[in-house]
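Structural characterization, general
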Amino acid sequence: SVDGRDRDFSMAERWSDENVFANRAYFMPEKQPAELGVDHIRESDQAVYRCRVDFKIAQTRNAKVNLTVI
C-alpha cells in the first residue's frame, strides 16, 4: 500500500501486510506505468491480487492481477 495523501508522492507512506509480502514488496512510482516489485518470490505467492487506486477527484479504479509463478 502507498498513501500519498497530503504530501509529495516521493514522501508517500508505504505499508505491506506481514502475512502477504512483508518487506519483500516495493512500489516503483518512477516507472511508466508504476510497478510493484516483489523480491524472493515464492510458489505460495501465486494468486490473483487486486490493485486499487483512489483519486482525489476521479472514481476509484480496481484491477485484478494474476501472478503465476513458474
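You'll find the structure just up there.
So, here's what we can say about the structure. (Residues numbered from 1 in each chain as written. Predicted model: local features only at pLDDT ≥ 70, side-chain atom pairs only at ≥ 80, totals over all residues. Heavy atoms only, no water.)

Attention shifts here to the pattern of salt bridges. Summed over the entire model, instances satisfying the criterion amount to two salt bridges. A salt bridge links Asp45 to Arg24; the nearest nitrogen and oxygen atoms lie 2.9 Å apart. Note that Asp45 is positioned in the loop between β4 (35-38) and β5 (47-53) and Arg24 in the loop between β2 (13-14) and β3 (25-28), a separation of 21 residues in sequence. A relative accessible area of 4% places Asp45 in the buried class. Judged by its relative accessible area of 7%, Arg24 falls in the buried class. Measuring nitrogen to oxygen at the nearest pair gives 3.1 Å for the salt bridge that ties Asp54 to Arg52. (Salt bridge = Lys/Arg side-chain N within 4 Å of Asp/Glu carboxyl O. Helix = DSSP H or I, 4+ residues; strand = E, 2+ residues; numbered from the N terminus. Buried < 20%, exposed > 50% of the residue type's maximum accessible area, 1.4 Å probe, protein only.)

On to the pairing of β3, then. Sheet topology note: the β3/β4 ladder contains four bridges and is antiparallel. Looking across to β4, one finds that Met28 is bridged to Glu35. The loop that links β3 with its antiparallel partner β4 comprises six residues. (Pairing = 2+ DSSP bridges.)

As a volume, the largest pocket reaches approximately 1500 Å³. What lines the largest pocket is a set of 32 residues, among which Ser1, Val2, Phe27, Cys51 and Arg52 lie closest to the centre. Secondary structure elements with two or more residues in the lining of the largest pocket: β1 (2-3), β3, β4, β5 and β6 (61-67). At five residues, β5 tops the list of elements feeding residues into the lining of the largest pocket. In the lining of the largest pocket, the residues fall into 18 nonpolar, three polar and 11 charged. (1 Å grid on protein atoms, 1.4 Å probe; cavity = no way out; pocket = protein on both sides within 12 Å on 5 of 7 lines; lining within 4 Å. Points joined across faces, edges and corners; volume = space filled by probe spheres on them. Nonpolar A, V, L, I, M, F, W, Y, C, P; charged D, E, K, R; others polar.)

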